[in-house]
Amino acid sequence: MKKFFSVADVDNLDTIVREALELKANPHVNDTLGRNKTLGLVFLNPSLRTRLSTQKAATNLGMTVMVMNMDKDGWALETQDGVVMDGTTVEHIREAAAVMGEYCDVLGLRSFPSLKDKEADYNEDLFNKFIKFCGVPVVSLESATRHPLQSLTDLITITEYKKTIKPKVVLAWAPHVKALPQAVPNSFAEWMCKAQSENLLEFTIAQPAGYELSEDFTKGATITSSLEEALTNADFVYVKNWSSYNEYGEVYPVRENWMMDNAKLKITNDAKVMHCLPVRRDLELSSEILNGPNSLVVKEAGNRVWAAQVVLKRILENLN
Amino acid sequence: MKKFFSVADVDNLDTIVREALELKANPHVNDTLGRNKTLGLVFLNPSLRTRLSTQKAATNLGMTVMVMNMDKDGWALETQDGVVMDGTTVEHIREAAAVMGEYCDVLGLRSFPSLKDKEADYNEDLFNKFIKFCGVPVVSLESATRHPLQSLTDLITITEYKKTIKPKVVLAWAPHVKALPQAVPNSFAEWMCKAQSENLLEFTIAQPAGYELSEDFTKGATITSSLEEALTNADFVYVKNWSSYNEYGEVYPVRENWMMDNAKLKITNDAKVMHCLPVRRDLELSSEILNGPNSLVVKEAGNRVWAAQVVLKRILENLN
Amino acid sequence: MKKFFSVADVDNLDTIVREALELKANPHVNDTLGRNKTLGLVFLNPSLRTRLSTQKAATNLGMTVMVMNMDKDGWALETQDGVVMDGTTVEHIREAAAVMGEYCDVLGLRSFPSLKDKEADYNEDLFNKFIKFCGVPVVSLESATRHPLQSLTDLITITEYKKTIKPKVVLAWAPHVKALPQAVPNSFAEWMCKAQSENLLEFTIAQPAGYELSEDFTKGATITSSLEEALTNADFVYVKNWSSYNEYGEVYPVRENWMMDNAKLKITNDAKVMHCLPVRRDLELSSEILNGPNSLVVKEAGNRVWAAQVVLKRILENLN
């Protein structure tokens, strides 16, 4: 593996999930693979789970980790060429990325979307330039449009807890107080669509009218605006809020109750409930579910380590 | 040891102090005990000495350390159940603690009191919930009412420098410009009271009227509002400011001079002078003392490593 | 080596540069030298390249690194004696430095100048007190008047890329939008002057009238206010902005074009172009140069590791 940015960077999902679960069973079996290799984690936006789980995964592989929290440093990067830098940007991404590539063997990068300019966000300009100029393998720690370590984690978790060969997996929109990116649901959708094409599961998306995701991520999925229809016979419900893609970054009022709760759980096939966290209790997802036996959210967060570890392992194996 | 929150978590003070001093003599003798174990240090309030000394102690034991500075991240935790999270809190302590427990084998937590709500501070709600929900051993890096790593450090330092079998130890209130928590003096008092009950020392507290500490921490101590009386024949003077417990968080004007200086030192038995740092020079404690041979403050800060190391060692020995 | 603060801490430049280049060829050959030794990096001002490269160098030597970002902590240090600390400073440098010396075997410190008070900046009061009170070897990570790890890096880079035995090296002032310290050019000048005295190169400084550096750093250099004269036959051009030393911290308007670009490059002997980064593109230095084969800026930044590593190696060899 030379980079990890989207599901397209993985040949076979079943294979990588099995490899991740083997690492979970034996976390320290490759603890010299990363000897004398440095992982740099660059956060242009804040992180908790991603930083901790990736740091732990790298340590399990024997790597050294250096963290750069650039969100608080007022480190405004210039990404455009041909600009006279006499304003607020203090460094060009050409130099910034290249220098990090001098110090690190592998780089991780997190960068959120603006939610203002759809085209700029969805062409992933910053991420693509960082990959181009740093000269070393890059792992996405969440970009404007995708969060692949989360999606791989989710597939690992579904594989661990499934009771049927081909479970029904539902991505269900939920309310929130803020306008959130589409990165997590986009990414979940493209991973589940590929998993469906590998016959690993059946995938349905439910969202209110106006909250349709970009078709680039949902091809192959069953899509409905009826939550009840989607939840019927569901084995896994992935709860997540996102803002509108079509009216980019907008938040429409939704009159119906889309919060996942025990009443809705009864429609399902005793479904396991997932969420990428942090979750707003009793707004996105009820406390009764989160405190009960159907919730996987904590174990799912724990699995972030094995997603990161299998990705770093494959990248290390491909270094020189 | 399964947690380290108060003096109640230690059976015998003399034994743990001796073990700490053995580690000071041989810091690296257990350097594989923490192999493949991760310590997470969660700071809801800032830290310098505590972070550095605990990080060093963990490294001496071969542990991996991950630091989470949550005070700057605007990471507002919800601690109450049954709240619809449509406001400013972004994550519930149930999920936040449980997820950290997924990534770490041992957790350290620092959380200061509000100094507004006595009951909420003194029932240690946040700390107790964190311990309950994270599912792994927790070390207090200072809570609303206690700072046990500091107090163990202080007892180690007294043991190292005592010239008599049963020295007279005095906790002496001192002036400050801000309202400070009672955590350090509370904790020092409960450790010294227990040490007194083990016949290791004699313990006296001196504070101006209005600054009495909670009796839950001072049972067994000699308490006086006469600094002169307390300092007479003292072998160790522990200088510290705190705000009022009774009129919670208030700062009363004090007309008499309670700053520790050379004139007051003359009343003592050539006492060693201690302070947990940071110290306001010539407000709490005179420069002449701090620059002179009676001050232990720097060596005391250095001993923070051995307090942390003996606690982590005992917790590691008890894992699995 | 007992400290690394200026060029005066190095006996022979040619020897240290050769040793650094040997480490570059074999980075891990001394990876047990720093075993059980702790490096503390104290940043009173922000850092990217310096932190990453020094962290990597220390890790290559087997040291443990602890980073203290004090710039964001509102940790205001008192540096004067005899002050009653009832104001905004929360800790005296006597205690702060001494405590860090308790936890660390070697300390690095970064502290920028005020650019307001020339005397206070140029007597390096904070740095000298830190060195005095911490009690362990100190490495400058940039002080008010010098940036020696950068200058050593620059000499390593010149040595690597020189095509003649005694290349002509030019320090060329360039425009900027902010008032910048003289630390980098001061330091570069004192290192190049010493290198010239060792017959390693010829050194010229070019700056507009009003931007002369302090003579304490430039003795032996050829100094001119004609950029064209300086660039003629130059083998290396080191581009850098700085504010006025004489009218301390002032920024005079400069009418002529001092930005380094391809037209000016033609005057040189196909010179290699250097800059300590971050660089303002098309203000200090043209994009065409930065994107082209004459730019060394990225490789130069990469060499920061070997400068830090040779310095830490020499300090470790001298411990105990």
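Starting afresh in each chain, residues are numbered from 1 along the sequence in its written order. Here every chain gets a letter starting at A, and every ligand a number starting at 1, in the order they are written. With pLDDT at 70 or above as the cut-off, local features in this predicted model cover only qualifying residues; side-chain atom pairs require 80 or more to be listed or tallied, and sums for whole chains, interfaces and linings still use all residues. Hydrogens and waters are ignored; side-chain quantities use all the structure's heavy atoms.

A word on the environment of Glu 202 of chain A
All names here are of chain A.
- Strands are runs of DSSP state E lasting at least two residues, helices are runs of H or I lasting at least four, and both sets are numbered from the N terminus onward. With respect to the element layout, Glu 202 can be found in strand β8 (residues 202-206).
- Think of it in three bands: with a 1.4 Å probe and only protein chains considered, a residue is buried below 20% of the maximum accessible area for its type, exposed above 50%, and partly exposed in between. The partly exposed category is assigned to Glu 202, whose relative accessible area is 41%.
- Remark: the alpha-carbon pair of Glu 202 and Asp 235, spanning 33 residues in sequence, is separated by 9.8 Å.

Some thoughts on the interface of chain B and chain C
- The criterion used for residue contact is that any of the two residues' heavy atoms lie within 4.5 Å. Of the residues lining the interface, 28 residues belong to chain B; the matching set on chain C comes to 29 residues.
- When chain B packs against chain C, the two sides together hide about 2,400 Å² of surface, and 56% of this comes from carbon and sulfur.
- The largest per-residue losses of area from chain B upon contact with chain C belong to Leu 52, Arg 280 and Arg 281 of chain B, which jointly make up 25% of the total buried on that side.
- The working definition used for a salt bridge is a side-chain nitrogen of Lys or Arg within 4 Å of a carboxyl oxygen of Asp or Glu. The tally of links from chain B across to chain C stands at 4 salt bridges.
- With a shortest N-O distance of 3.0 Å, Glu 91 of chain C and Arg 49 of chain B are connected by a salt bridge.
- Identification of polar contacts relies on pairs of N or O atoms within 3.5 Å, with a donor-acceptor requirement for protein atoms, meaning one able to donate a hydrogen and the other able to accept it, and with residues adjacent in sequence counted only if both atoms are side-chain atoms. Along the contact surface separating chain B from chain C lie 11 residue pairs in polar contact (both at pLDDT 80 or more).
- Counting residues per element, the ones that place at least two in the side of chain B that touches chain C are α2 (49-60), α12 (297-302) and α13 (304-318) of chain B.
- Sort the elements by how many residues they give to the side of chain B that touches chain C and α2 of chain B lands first, with 7 residues. Accessible surface is computed with a 1.4 Å probe, and the buried area is the amount of it that two parts give up when combined, taken over both parts together.

Some words on the interface of chain A and chain B
- Listed as interface residues are 28 residues of chain A and, on the opposing side, 29 residues of chain B.
- Summed over both sides, the interface between chain A and chain B buries roughly 2,400 Å², with carbon and sulfur atoms accounting for 56% of that surface.
- Among the residues of chain A in contact with chain B, Leu 52, Arg 280 and Arg 281 of chain A are the three that bury the most area, contributing 25% of the side total.
- Taken together, the connections running from chain A to chain B amount to 4 salt bridges.
- Taken together, the connections running from chain A to chain B amount to 11 residue pairs in polar contact (both at pLDDT 80 or more).
- Those elements that provide at least two residues to the side of chain A that touches chain B are α2 (49-60), α12 (297-302) and α13 (304-318) of chain A.
- Looking at the side of chain A that touches chain B element by element, the count peaks at 7 residues for α2 of chain A.
- As a working rule, the residues Ala, Val, Leu, Ile, Met, Phe, Trp, Tyr, Cys and Pro are called nonpolar, Asp, Glu, Lys and Arg charged, and the rest polar, with Gly in that last group. Split into classes, the residues belonging to the side of chain A that touches chain B amount to 12 nonpolar, 6 polar and 10 charged.

Quick look at the packing of helix α2 (residues 49-60) of chain C against helix α13 (residues 304-318) of chain C
All names here are of chain C.
- Direction vectors running N to C along α2 and α13 enclose 50°, while the axes themselves pass 8 Å from each other. Viewed along their axes, α2 and α13 adopt a mutual orientation that is oblique. For the element pair α2 and α13, the recorded crossing hand is right-handed. In this structure, α2 uses Arg 49, Thr 50, Ser 53, Thr 54, Lys 56, Ala 57, Ala 58 and Asn 60 to contact α13, whose residues at the interface are Arg 304, Val 305, Trp 306, Ala 308, Gln 309 and Leu 312. Every angle, taken between N-to-C directions, lies between 0 and 180 degrees, and every axis is a line fitted to C-alpha atoms, over only the stretch in contact when it is a helix. Throughout, the term roughly parallel applies to angles under 35 degrees, roughly antiparallel to angles over 145, roughly perpendicular to angles from 65 to 115, and oblique to all others. Each crossing gets its hand from how the near helix is turned against the far one by less than a right angle, where anticlockwise is left-handed and clockwise is right-handed.

Here we look at the packing of aromatic side chains
- Any two rings among Phe, Tyr and Trp, with Trp reduced to its six-membered ring, count as a pair given centres within 6.5 Å; such a pair is stacked if its planes are under 30 degrees apart, edge-to-face if over 60, and tilted if neither. All told, the structure shown has 30 aromatic pairs over all chains when counted by the stated rule.
- Measuring from centroid to centroid gives 6.1 Å for Trp 173 of chain B and Trp 258 of chain B, while their planes differ by 85°, and the two rings are edge-to-face. Taken together, the residues span a long stretch of sequence, with Trp 173 of chain B in strand β8 (residues 168-173) and Trp 258 of chain B in the loop between β11 (236-240) and α10 (262-265) at a distance of 85 residues. Neither residue differs from the other here; Trp 173 of chain B and Trp 258 of chain B are each classed as buried.
- Pairing Phe 4 of chain C with Trp 191 of chain C gives two aromatic rings, centres 5.9 Å apart and planes at 65°, and the pair type is edge-to-face. Note that Phe 4 of chain C is positioned in strand β1 (residues 3-4) and Trp 191 of chain C in helix α7 (residues 183-197), a separation of 187 residues in sequence. The two residues Phe 4 of chain C and Trp 191 of chain C agree in class, both being buried.
- An aromatic cluster is present here, built from Tyr 122, Phe 217, Tyr 245 and Tyr 248 of chain A joined pairwise through their rings.
- One cation-aromatic arrangement involves Lys 118 of chain A over Tyr 245 of chain A; the distance from NZ or CZ to the ring centre is 3.9 Å. Placement of a charge over a ring requires the Lys NZ or Arg CZ to be within 6 Å of the ring centre, with the centre-to-atom vector within 35 degrees of the ring normal.

A word on the relation of the copies chain A and chain B
- The fit set for superposing copies consists of C-alpha atoms from residues with pLDDT of at least 70 in both; the fit itself is least squares. Mapping chain A onto chain B calls for a rotation angle of 120° and an axial translation of 0.0 Å; the resulting RMSD is 0.0 Å. Considering both components of the superposition, the chain copies are consistent with a three-fold axis.

A word on the nonpolar core
- Phe 130 of chain A together with Leu 152 and Phe 203 of chain C are the most contacted members of the largest nonpolar core, which has 111 residues in total.
- The residues contacting Phe 130 of chain A, other than those within four sequence positions of it, are Val 42, Ile 93, Ala 97, Met 100, Leu 107, Leu 109 and Val 138 of chain A. By convention a nonpolar core is built from buried Ala, Val, Leu, Ile, Met, Phe, Trp, Tyr and Cys residues, the set being connected through side-chain atoms within 4.5 Å.

Re the sheet that holds strand β10 (residues 236-240) of chain A
All names here are of chain A.
- Note on pairing: DSSP must find at least two bridges between two strands before they are called paired. As summarised here, the arrangement of the 5 strands in space is β9-β8-β7-β10-β11, forming an open sheet in which the pairing is parallel. The open sheet terminates on both sides in strands that have one partner only, identified here as β9 (222-224) and β11 (272-274). Taking the axes of each pair of neighbouring strands and ignoring which way they run, one obtains an average angle of 20° across the sheet.
- Bridging between β8 and β9 involves 3 bridges; their strand directions are parallel. Following the sheet pairing, Thr 204 is matched in β9 by Thr 222.
- Along the sheet, helix α6 (residues 148-161) contacts β7 (168-173), β10 and β11; its crossing angle with β10, the most-contacted strand, is approximately 155°.
- Against the sheet, helix α7 (residues 183-197) touches β7, β8 and β10, its axis set at about 150° to β8.

Digging into the side chain of Ser 143 of chain A
Residues and elements named next belong to chain A.
- One can find Ser 143 in the loop between β6 (138-140) and α6.
- The class of Ser 143 is buried, set by a relative accessible area of 0%.
- For Ser 143, the residues in contact, after removing those within four places along its chain, are Phe 5, Ser 111, Pro 113, Glu 124, Phe 127 and Ala 183.

A short note on the domain arrangement of chain A
Residues and elements named next belong to chain A.
- Split by domain assignment, chain A resolves into domain 1 (7-146 + 304-318) and domain 2 (150-301).
- All domain edges in this entry derive from an automatic or database-based domain assignment. Here the C-alpha centroids of domain 1 and domain 2 sit 25 Å apart.
- In this assembly, 29 residues from domain 1 lie in contact with 32 residues from domain 2.
- Both faces considered, domain 1 and domain 2 share a buried interface measuring about 2,600 Å² in area, 64% of it formed by carbon and sulfur atoms.
- Looking at the side of domain 1 facing domain 2, the largest losses of area belong to Leu 115, Tyr 122 and Arg 304, adding up to 26% of the total buried there.
- Where domain 1 meets domain 2, there are 2 salt bridges.
- The partner of Glu 160 in a salt bridge is Lys 24, and the shortest N-O contact between them spans 2.7 Å.
- Where the side of domain 1 that touches domain 2 is concerned, the elements lending two or more residues are α1 (13-25), α4 (118-122) and α13.
- In the side of domain 1 that touches domain 2, the residues fall into 15 nonpolar, 3 polar and 11 charged.

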